[in-house]
Each structure stands twice: as C-alpha cells, then as structure tokens.
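Summary of structural features
Residues per chain are reported as follows:
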Amino acid sequence: MTHTITARNSSRDLGTRKGFAPVRDLPAVLWLLAVVVVALVHREVPAPRWLLFHLLLLGAVTHSILVWSQHFADALLHSAPTRTAYRCRSSRLLLCNGGAVLVVAGVVAGQWRLAAVGAAAVALAVGWHAVSLFVGLRRALGSRFACTVRYYVASAALLPLGALFGVLMVRGLPGDWHERVLVAHVAVNVLGWMGITVLGTLVTLWPTMLRTRIAEGAEQRARQALPVLLAGILLVVAGCMGGLRPLAGIGFLVYAAAVGLLAGPFVGVARSKPPMHFPTWSVAAAMVWLTGLVTALGVGTLVASSWMDAHMLAESLTPGLAAGFGAQVLLGALSYLIPVVAGGGPNAARAANVELDRGGALRVGVTNAGVLVFLLPSPSMVRVVVSAFVLAALASFLPLMFRAVSAARRAGPTRVGSLPTVRRSGPAPVAADRPKGQRTGLAATGIALVVIAVATGVALDPHALAGVRHASSADGVAATGRTTRVEVTAKDMRFSPDTVQVPAGNRLVIDLRNTDSTSVHDLVLDSGADSGRLAPGQSTVLDAGVVGRDIEGWCSVVGHRQMGMVFHVHVTGLASARHEPVMSGMPDMTGPAAADSAAPRLDSAASPGAGFRAHDPSLPPMGASRVHRRTFRVSDMRADVAPGVSQQLWTYNGTMPGPTLHGRVGDRFVIRLVNDTQMGHSIDFHAGRTAPDRAMRTLGPGQSLVYRFTASHSGIWLYHCSTMPMSVHIANGMFGAVVIDPPGLPRVAKSYVLVQSELYLGKQGGPADATKVQSQRPDAVVFNGYANQYDHDQLTARVGQRIRIWVLDAGPNLPSDFHVVGGQFDTVFQEGAYLLRRDNPEHGATQVLSLGAAQGGFVELSFPQPGHYPFVSHLMVDAERGAHGIIDVRR
C-alpha cells in the first residue's frame, strides 16, 4: 500500500497543531535569518566561517531534525503522544536551542567553558530525544518502516560524541590532535547526526515528495545500510583517535558505499517519476553532494601525507557539505512540508506550493553551480561574488516561505501548525507543472548567472585590469614563418632556463610551468606579452610573437623581480641592430629614478582633514580565556598612509599593522590564516616556538592553515609574513604585535602599543616599491602605519597618571630609538628583561628605548605637568619623516 504524507489535525496534539507554536515553528526561521545576517557582515564578526556553519547546522538543521524526526516516528509507529509527552518535547527544543545559543556565544567570546555548558545542553536534549524514540520503538506494534526510527535513534546517539569533540577543539588540543578531532567531529556530526537522519527519512519521504510508490526492496536496503553507515563513522573515529589516517579514509569510503546502497531505490523512484519542482530538485542535488563529498573525503584522507592535509581537505569541503548538502536538503524538505502543515484544504496547499516553487529551477541552478565554483580552485574575488549569488539563492526561501503561509491563509481555512501524518490517501496538491522547456531554461539561466558572477569576479581583479603601452617584439624585422618553442619553469625565485636564443624573425612560444610548491608566479615580457598569474602546479603557453630584438622579462609579483626572477631573450642573426627606445610593460617600478618620479610625495605639514581617526593605539584587553582563537584573513586593500597618499597594502584583517594579540605566559594561541588574495602569503609568530616547515609555509590563493603556539616567554613579539621577498611583504603591511605580559605586571592607568615600520612608496594606489626596499631608501618611518597620525589624533594622559607604552620595531630594515620629549622612563623592559624598575631607586631613569628590527619592549612614565609631550624615534631623520606623535597631558 502506498504511504504518503498529508495534513491531518489530531486531538492528541497539545493544541499547538491548530495555530502558531513559537517553540516549534520559530527557531529554525530565526537561525536561518541569523545565517543571512552573519553572511552579510562576516568581516565584522569573529570566527565568521565557524559561525555560518554552526548557525546553519547546529541551529536550523538540529532544531528541524528534533521536530520532524519525532513527528515522523509518531506517524510510522502509530503512537499517540500524551499531553505530558508534548510538554517534554517542548522542553527538549528549548534546552537544545538554548544550548546552541550558549555554544555560539562561548566560541565568539572565546569562553570555552560557556561553550562547553552549551554543548552539554545540546547533547542532553538530543540524548533525551534518542531515549524517547527508543522507548517508543520498543512499545510500538510492528511497523513496516520502524527501521527509519532506528536511523533516528542511531544518529541521535552519535551527537553527544560529536559535541564532546567540539568542546575539546574549543578548549585547545596539543600537537596534531586538533586536526584529528576536527575530522572526527565532521564525521560524527555532519555524516552521523545529520546524514543518517536524512537518509533514514528519505526512505519514505522521497517517494512521497514525488507522489509515487515506495520502491520494492527499499525497506530491506535501509535495514542493510544502517549498520554499514555506523561502521563507516566508527572507523573514521577510530582512525582519528588512533592516528591512523588510512583507516579514517576507509571509514569515509565505507560510509559512501552505504549511501550507494540506499541510492538504488532512490534513483529508481526518480526515474519512474522524475523530480518536477523545487523541493525534489533541491533534495536530489543535496544527495549528489553528500555522495560526492564523502567519497572525496575518503580518497583524500586515505592518500593524505599528514593529519594537517586531512584537516585542510575537510575544511575545504565543509562549505559543500553545509551549503550543497545541509542547506539544500533542509530547504527542499521544508518547501515540501510547509504546504502540508499549512492546512486549509487543497486550495491552500496548492497556493503555498506555487509560492515555494517560484524560480525553483533558477535557484537550484545558481546554488549548485555556485557551490561547485566555490569548491574548485578560483580567485578570491570570484569566490566572493559567487558566494553572494549562492547566498541570494538560498536566502530567497525565507521571503517565499512567508508568502506561502500568507497565500495558504488567503486560500482556505487556516490550520498553520498542523503536522503531517502518514495515512493511506493521496498527497497534498502541488503547483501546476511548468513546461519542460521553461524549467530547463530557468536552470540554464541560473548557471548563466554563476558564469556572469565568475566573469565579474575576474573583472574586479586589479591584475586583470592592468594595461600599459609596449614596444613591438618584431621591431620591424620580417617574419621567417618558423617557430622557436621553449620550455621554461618558475621555481625558487628563478626562471629555468633564464636565457633563450631566438633567430631573428622567428615566432617565440614559451611553455611556462610554475613548479614552485607554494608561490604564485607569472612571466611578463617588455613587449606586453603576459602569462597571467600561475598557482603552484599550473602551466600555460605564452606566445611572444615574432622576435626582432632582445626582450627582457620578469615575474611581476611584487618583489620577485628584485629577488632575481628575470628572463632574457637574445636575438641571433640580425644583419643590423636598431636600438629604439623601448617602453617597459612592467607593472612594478623599473628602478629608483622611475619609482621616485611615479611615487607620491609626503608633506609633513599636510593635515588628514576633519574627522580623521588614527589607528587605535590602546592595548586590547587580555580576556579570561587561556586559549586565544582568531582568524586572520589576508587581503589587499587601498588605504591612506599619509595625507593625500594611498597605497595598495597587503594586510592581516584589513589593517596595517594587523590585530594586536594580548595574553599571558602559558596562554595558547590558535590562529587560522586564510589567504583571500591572488598571490602567496604566510605568517611567522615570533611569540611561539615551532618548526617553520608547515606552520610558516606559503599559502596559495584561497588556501588556509591553522597556526598554533604557546606563549612561553613574556615580551612584545613580532608576527609577519615570511614569504619571499620577506622585506617587501613586511614593508607592504604584513606585520603585527603579540603582547605577552610579564608575570606580576602592575596595573597602570593606560597602556598603548606603537609599532614602528617604514614606508617605501610605490606609485599612487600601488604596492610598495621593491627597489627602494632593497636599497633601504624609505620615504617615511611611521608608528602604526600612518605618518604623523598621532599629531592629529593624540594620545592622552593625566598629570600624575602612570602610562605604559609598548614599542615594537617591525622594520623591515631600520632601528628605532623611542623617546618622549620632556619625559623620562623609570621602568624599561626590553627583549624579555627589565633594564630599569621604578621600585629600585638605585637604577635611576633613562631617555631612550633602543630597538633593532624585530625587537620590542615597553617603557613606563608619568607626567608632572600638563602639556603636549612629543614622542619620536630619536633617529631624527626618521622623526622628521613621520615617526612622530604627541601625548596630550591634562589635569
């Protein structure tokens, strides 16, 4: 007998079935709204990636699983819940959602204990849910589909283990345990709690959505697949806990095989009654993503050379699991179920279906094409634009849902809140089918929109917009009709070979391959030919055209030419040479004279204008947590570095210097570095001791890593990009400070942080001039990234107040001699030790804190009188070119 899901009111329901039930109906919508809000303001919130995934999966999906798995269990087991049972269900939902809120708040605030309490609440709610289902299963009479309820019990039993893994990661783990536990966490929570629930539900829900019979043998396949699914997850956990990566990889593949076992009936039903509407398209796409991504996880983990590689793979595929699988299966299922629960008869259901099916093929096309582009190697700007399109496609469900509920109310008697039950009758009416060509056209339009998004992202990449004038490579020499083809590799800041000879008049074709393991490279010729940026492992063919003169080439990534990455083409067989002026196509400065003529000039007397706000020099509070988790995103940005002078900076989190970290001796720091730019970058924390091989490796575009260290010694420590040429990366903004308080450090009225660095100005709006960096000819020396900024937005203190000023010399080249005019330092701490302490009167005071590049310390002083006290680097030429500020002291 065919089983379908339709709406039916039941007197057994607590009364919520006939109207709006906030505890049941609101949380999923609120979690989805939170996902949209965080996605829009992700650069302004901490841990945005983690937040997006957990708002969706821990919030919206978990709540929906608790609601619908319980209801389907009642229907399949023909149980009659009591009023007390409904109250318990509401309590479980409140406990689960409250716990999820605490988890989110704890992680965002860096309070692992708060997150642990929240995780315990979620685990308790889901464990309670599992016990309730198990008891109902034992008490129920025989049911054809009782196996589905066993899926629910098994998945719910797994979640407390996944919650424990999550708490351990928030608390902090030594060595490679974080990577191992994260892989296990993904397996248990995403594939176990969410995946097993979804697979068990679709055994009956999928044919119901298609309005057809359940395939023969589906129940038997479901019974066979459940132990295999559980075995796969347990193998992954065992492999992760035991440090056996191949075993974990095998576990993922076993899980994928179990999904394949269930796919037979799933595909068979779809072939007999193809999906025609958004709910079924969305669910079908979600299952394709689940199967493909689990297989990729299995193969990738099996062949990974380290747990870091397995961790990076899991992180890279998580957006696909969240958006491609989690979001699509949730929205597809809700789009089917909302018209069912709206009640009001066939007219109301049909009206709701019409709304929820609007643009269905378009939305599915945009979402799946966009997720595919996001998972493939692509420029960061392309990912940003494509992500916006995917977000719009997924978020459109929310207004359509409200429209559907409103349409159902207008079309018939309102019974919003009524849950569907299994009965032997026809399915709820659906929207009229669109013509096949129209559906195909909408899907093609969705894919075309993603193609447009990709093109827009490429167009927004400044490298793609560069345009300069070039001299002809032929130089008037007649073509011979022959071609000279050469193979050139780019690696370790060299082209190999770096010189080729070409007969005059021959066409030159260069097969260029970037064999570097980390760095992005390109080859630009002074004739204008440009290979475009090549990520590690990529190759291209560069057609230099007919050659009639010597040609110079170079890598245009800033600083690479100065590191010796140049290429020469020598012409042979010229009867006579014509030496005409050649206009270089190099986007970087060609030398000191050219650079100086193009670079903007600093005016020390210029004002930044009304409303100027300097970089906040205040030392950030330390916080109570002993584990500091931050995400650093590497980004390119154009910013002012002096009045009327702008440069293209390479930054950590959009500022120069990057964020100041503050902790105590023994604190652990977990920093996730994400490279959102089109060239290689890295990070080196002087505050920690770790092997540079992996932690400080250069990340290509779109790559990320997790850098962990324990602060074992006090001081102010530099962090910076360690990608070559390191001097250029530091000079262009990639540096910051980590302040580790010495034990017993006394409180003071105010603490400031000043990071000195040099500016080597390139052209207006361009990056630093690598030639100036190499020859140590700075245009300015500054505190916290902007010349003389604290002359205009002054530091403050009061007479008699003790202030502490932490000073770090980020370089990359010059020393600093920090001095406060009119003041004396009675406490001086430099490079891990006190040179003076005010509690030792025999030591007196000092006037300067002298620091070499990458050195730091702090000074303390107080002011006997009100006034304006300048602070400078007492290398006076540096003070005169920007290393100058004022402390405004008042009574």
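Residues numbered from 1 in each chain as written. Predicted model: local features only at pLDDT ≥ 70, side-chain atom pairs only at ≥ 80, totals over all residues. Heavy atoms only, no water.

Some points on the overall build of the chain
Going by this rule: Note on conventions: DSSP H or I runs of at least 4 residues are helices, E runs of at least 2 residues are strands, and numbering of each starts at the N terminus. The classification of residues rests on relative accessible area computed with a 1.4 Å probe and restricted to protein chains. Under 20% of the type maximum is buried, over 50% is exposed, and intermediate values are partly exposed. Note on contacts: a residue pair qualifies if any of its non-hydrogen atoms lie within 4.5 Å across the two residues.
When helices and strands are counted, the chain shows 22 helices and 29 strands. Among the 891 residues that make up the chain, the fraction classed as buried is 55%. A separation of at least 24 residues holds for 77% of the contacts in the chain among residues at least 6 apart in sequence.

A look at empty space enclosed by the protein
The cut-off we apply is this: Lining residues are defined by having an atom within 4 Å of a point belonging to a cavity or pocket. Those points lie on a 1 Å grid over the protein atoms alone, cavities being sets where a 1.4 Å probe fits but cannot get out and pockets being open sets with protein on both sides within 12 Å along at least five of seven lines. Grid points are joined across faces, edges and corners, and a volume is the space filled by probe spheres set on the points.
Under the counting rule described, the total for this entry stands at nine cavities of 30 Å³ or more. The calculated volume of the largest cavity comes to roughly 270 Å³. Around the largest cavity, the lining comprises 18 residues; the ones closest to its centre are Ile65, Trp68, Val198, Thr201 and Ala333. Every element with two or more residues in the lining of the largest cavity is listed here: α2 (48-77), α6 (177-210) and α10 (307-342). Here the lining of the largest cavity takes six residues from α2, the largest share from any one element.

Regarding the pairing of strand β18 (residues 735-741)
Applied cut-off: In short, DSSP must find at least two bridges between two strands for them to pair.
In terms of residue burial, β18 counts as a mostly covered element, since seven of its seven residues are buried. Side-chain alternation along β18 places Phe735, Ala737, Val739 and Asp741 on one buried face and Gly736, Val738 and Ile740 on a second face that is also buried. Bridging between strand β13 (residues 661-664) and β18 involves four bridges; their strand directions are parallel. Considered in β18, the bridge of leucine 661 is made with valine 738.

Details of the nonpolar core
Heads up, the condition is: Definition used in this section: a nonpolar core is a set of buried Ala, Val, Leu, Ile, Met, Phe, Trp, Tyr and Cys residues joined via side-chain atoms within 4.5 Å.
In terms of nonpolar packing, the biggest core is built from 131 residues, with Leu56, Tyr151, Leu199, Leu229, Tyr255 and Phe397 touching the most fellow members. Counting residues per element, this core draws most heavily on α6, at 20 residues. Residue contacts for tyrosine 255: discarding those within four places in its chain leaves Leu191, Gly195, Ile196, Leu199, Leu229, Gly232, Ile233 and Val294. Residues Ala529, Phe669, Met679 and Val738 belong to the second largest nonpolar core, which totals 56 residues.

Notes on the sheet that holds strand β15 (residues 684-685)
Note on sheets: strands pair through backbone hydrogen bonds, and any given pair is parallel or antiparallel. Ordered by their spatial adjacency, four strands build an open sheet running β13-β18-β17-β15, and the pairing between neighbours is mixed. The open sheet has two edge strands, β13 and β15, and neither has a second partner. Pairing analysis gives two bridges linking β15 to strand β17 (residues 715-720), with the strands arranged antiparallel. Following the sheet pairing, aspartate 684 is matched in β17 by histidine 720.

A closer look at unusual backbone geometry
For the bond running from methionine 656 to proline 657, omega is -5 degrees, close enough to zero to count as cis. Tracing the sequence through the fold places proline 657 in the loop between β12 (645-652) and β13. For the peptide bond that leads from methionine 724 to proline 725, omega is -5 degrees, which places it in the cis range. With a phi close to 60 degrees, methionine 493 is a non-glycine residue in the positive phi region. Along the chain, methionine 493 turns up in the loop between β3 (483-491) and β4 (494-496). Of note, the phi angle at asparagine 653 is positive, near 60 degrees, even though the residue is not glycine.

What to know about the pattern of salt bridges
The condition is simple: When a carboxyl oxygen of Asp or Glu is within 4 Å of a side-chain nitrogen of Lys or Arg, the pair counts as a salt bridge.
For the structure on display, the rule yields 20 salt bridges. Residue arginine 24 pairs with aspartate 25 through a salt bridge whose shortest N-O separation is 2.7 Å. Since its relative accessible area comes to 12%, arginine 24 is described here as buried. Salt bridges linked by common partners bring Arg802, Arg804, Asp826 and Glu860 together as one network.

Considering the confidence of the model for the chain
Selection criterion: pLDDT expresses, on a scale from 0 to 100, how confident the predictor is about each individual residue.
On average, residues of the chain score 84 in pLDDT, and 87% of them are at 70 or above. Confidence drops under pLDDT 50 across residues 462-469; counting only partners more than four residues distant or on other chains, this segment forms ten contacts.

Observations regarding the sheet that holds strand β23 (residues 816-820)
Stated precisely, the cut-off is as follows: Interaxial angles span 0 to 180 degrees and are taken between N-to-C directions of axes, which are lines fitted to C-alpha atoms, for helices over the stretch in contact.
Read across the sheet, five strands follow the order β21-β29-β28-β23-β26 without closing on themselves; strand pairing throughout is mixed. Two strands close off the open sheet at either side, each with one partner strand: β21 (793-798) and β26 (849-851). Averaged over all adjacent pairs, the angle separating strand axes in this sheet is 20 degrees, with direction ignored. Direction of pairing for β21 relative to strand β29 (residues 884-890): parallel, over a ladder of four bridges. Bridged to leucine 795 within β29 is isoleucine 887.

Section: the side chain of histidine 63
As a reminder of what qualifies: Within 3.5 Å is the distance limit for a polar contact, defined as a pair of N or O atoms, with the added protein rule that one can donate a hydrogen and the other accept it, and that residues adjacent in sequence qualify only through two side-chain atoms.
Secondary-structure assignment places histidine 63 in helix α2. Engagement of the side chain of histidine 63 in a polar contact is seen with the side chain of asparagine 97, the distance being 3.0 Å. With near-sequence residues (within four places) excluded, histidine 63 lies in contact with Val23, Arg24, Pro27, Ala28, Leu93 and Asn97.

Details of the environment of methionine 622
Inspection of the secondary structure assignment puts methionine 622 in the loop between α17 (592-598) and β11 (627-642). Along the sequence, methionine 622 and isoleucine 740 sit 118 residues apart, while their C-alpha atoms lie 9.3 Å from each other. In contact with methionine 622, not counting residues within four places along its chain, are His628, His662, Gly663, Arg664 and Asp741.

Quick notes on the packing of aromatic side chains
Aromatic rings considered in pairs are described by the distance between their centres and by the relative angle of their planes. Applicable threshold: Think of it this way: a Phe, Tyr or Trp ring, Trp meaning its six-membered ring, pairs with another when their centres are within 6.5 Å, and the plane angle makes it stacked under 30 degrees, edge-to-face over 60, tilted otherwise. Geometrically, a lysine NZ or arginine CZ counts as sitting over a ring once it is within 6 Å of the ring centre and also within 35 degrees of the ring normal.
In the structure shown here, the tally under the stated rule is 23 aromatic pairs. Ring centres 6.1 Å apart and planes at 75 degrees place the aromatic pair phenylalanine 495 and phenylalanine 567 in the edge-to-face group. Highlighted residues: phenylalanine 495 in strand β4 and phenylalanine 567 in strand β10 (residues 566-572), separated in sequence by 72 residues. On the basis of relative accessible area, phenylalanine 495 is assigned to the buried category, the value being 4%. The class for phenylalanine 567 is buried, based on a relative accessible area of 0%. One aromatic cluster is present, formed by Phe632, Tyr652, Phe669, Phe685, Tyr707, Phe709 and Tyr719 through successive ring pairs. Above the ring of tryptophan 128, the side-chain terminus of arginine 92 is found at 5.3 Å from the ring centroid. Lying over the aromatic face of phenylalanine 858, arginine 804 brings its terminal NZ or CZ to 5.2 Å of the ring centre.

Here we look at the environment of tyrosine 151
Position of tyrosine 151 among the secondary structure elements: in helix α5 (residues 146-171). In this structure, the C-alpha to C-alpha distance between tyrosine 151 and threonine 201, residues 50 residues apart in sequence, is 8.2 Å. The residues contacting tyrosine 151, other than those within four sequence positions of it, are Ile196, Leu199, Gly200, Ala222, Ala225, Leu226, Leu229 and Leu262.

Examining the pairing of strand β9 (residues 551-554)
Of the pairings in the sheet, the one linking strand β7 (residues 524-525) to β9 comprises two bridges and is antiparallel in character. Its bridge partner being in β9, leucine 525 is matched across the sheet by glycine 553. Pairing of β9 with β10 involves four bridges; the strand directions are antiparallel. Each residue of the ladder has a partner; that of glycine 553, found in β10, is phenylalanine 567.

Some details on α2
This is how the line gets drawn: In this analysis, the expected span of each helix is defined as 1.5 Å times one less than the number of residues it contains. To get the bend at a residue, fit one axis to the 7 residues ending there and another to the 7 starting there, then take the angle between the axes.
Here α2 spans 41 Å end to end across 30 residues, near enough to the 44 Å set by a 1.5 Å rise per residue. At histidine 54, α2 is bent by approximately 30 degrees, the largest bend along its length. A large share of α2 lies buried, amounting to 27 of its 30 residues. The first or second residue beyond α2 is histidine 78, which carries a positive phi of 55 degrees.

A closer look at the packing of α2 against α6
To be explicit about the condition: Left-handed is the label given to a crossing in which the near helix is rotated counterclockwise from the far helix by less than a right angle, and right-handed is the label when the rotation is clockwise. In this classification, Asp, Glu, Lys and Arg are treated as charged, Ala, Val, Leu, Ile, Met, Phe, Trp, Tyr, Cys and Pro as nonpolar, and every other residue, Gly included, as polar.
As a packed pair, α2 and α6 sit with axes 11 Å apart at the nearest point and diverge in direction by 35 degrees. Regarding α2 and α6, the two cross each other, and that crossing is left-handed. Two secondary-structure elements touch here, α2 through His54, Leu57, Val61, Thr62, Ile65, Leu66 and Phe72 and α6 through His185, Val190, Trp193, Met194, Thr197 and Thr201. In the contact of α2 with α6, the residues fall into eight nonpolar, five polar and no charged.

Re a nonpolar patch on the surface
Going by this rule: Here the term patch refers to residues with relative accessible area over 30% and no salt bridge, with like charges joined within 9 Å and nonpolar side chains (Val, Leu, Ile, Met, Phe, Trp, Tyr) within 5 Å. Values of accessible area rely on a 1.4 Å probe in the Shrake-Rupley scheme; residue burial ignores everything except the protein chains shown.
Nonpolar side chains collect at one region of the surface, where Ile250, Val299, Leu302 and Val303 lie side by side and expose about 330 Å² of accessible area between them. In terms of residue count, the dominant contributor to the nonpolar patch is helix α9 (residues 278-303) (three residues). Using a relative accessible area of 39% as the deciding quantity, one classes isoleucine 250 as partly exposed.

A closer look at the packing of helix α11 (residues 346-356) against helix α14 (residues 397-411)
This is how the line gets drawn: Relative orientations are named as follows: roughly parallel for angles under 35 degrees, roughly antiparallel for angles over 145 degrees, roughly perpendicular for angles from 65 to 115 degrees, and oblique for any other angle.
Their axes nearest at 8 Å, the elements α11 and α14 cross at an angle of 160 degrees. Classified by the interaxial angle, the pair formed by α11 and α14 is roughly antiparallel. In this structure, the crossing between α11 and α14 has a hand that is right-handed. Side by side, α11 and α14 meet where Asn347, Ala348, Ala351, Ala352, Glu355 and Leu356 of the first sit next to Phe397, Leu400, Met401, Arg403, Ala404, Ala407, Ala408 and Ala411 of the second. Class assignment of the residues belonging to the contact of α11 with α14 gives a composition of eleven nonpolar, one polar and two charged.

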